[in-house]
Amino acid sequence: MSDLLGIPETLLPHDPAIPALDEGRAADQVARAYPSSSLPWAVLAEDALDEGEVVMAYAYARTGYHRGLDALRRAGWRGQGPVPWEHVPNRGFLRALAALARAADGIGEEEERHRCVEFLRASSATGARELGL
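Residues numbered from 1 in each chain as written. Predicted model: local features only at pLDDT ≥ 70, side-chain atom pairs only at ≥ 80, totals over all residues. Heavy atoms only, no water.

## Focus: the nonpolar core
Tyr65, Phe93, Leu94, Leu97, Phe119 and Leu120 are the most contacted members of the largest nonpolar core, which has 28 residues in total. For this core, the elements supplying multiple residues, two or more each, are helix H3 (38–50), helix H4 (54–74), helix H5 (91–106) and helix H6 (110–123). The element contributing the most residues to this core is H5, with nine residues. If we ignore the near neighbours within four places in the chain, the residues touching Leu120 are Leu94, Leu97, Ala98, Ala125, Ala128, Leu131 and Leu133. Counting residues in hydrophobic clusters, the runner-up holds eleven residues, among them Ala17, Ala20, Leu21 and Leu44. (Core = buried A, V, L, I, M, F, W, Y, C linked by side-chain atoms within 4.5 Å. Buried < 20%, exposed > 50% of the residue type's maximum accessible area, 1.4 Å probe, protein only. Helix = DSSP H or I, 4+ residues; strand = E, 2+ residues; numbered from the N terminus. Contact = heavy atoms within 4.5 Å.)

## Some points on the pattern of salt bridges
Two side chains with opposite charge may pair up if their charged atoms get near one another. Evaluated as defined, the whole model comprises seven salt bridges. As a salt-bridge pair, Arg73 and Asp70 come within 3.9 Å of each other at their nearest N and O atoms. Placement of both Arg73 and Asp70 in helix H4 is noted, with a separation of three residues, approximately one turn of the helix. Overall, Arg73 belongs to the partly exposed group, its relative accessible area being 47%. Look at Asp70 and you get partly exposed, because its relative accessible area is 37%. (Salt bridge = Lys/Arg side-chain N within 4 Å of Asp/Glu carboxyl O.)

Below you can see the structure in the form of structure tokens.
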């Protein structure tokens, strides 16, 4: 499937962090075991946001975001196009991007917040809705 511009979807490969987190392992342990996965960094960022630790959340989210960009590029992404929420391995990147938007808002970085929200919406409208952005 592709978007209206004909750019194909990017589907990330299996993410071993997903079953590790599903088994109840702590996100920091999963990040140590699978540091290239966006998902544990996104979970750490979301938890930090819930605890009011905005600067920590920003750092975790930025790490997850960059790990996700690396994975997307390895999967053939060329800087634009759909990254569907429906493909579960993509969710770690999308969650990190949403957490980065929220953390940027929390530190008053409006341009970064806006860029992240627009990037999320352009990548996955469904993901943006699911994540409340």
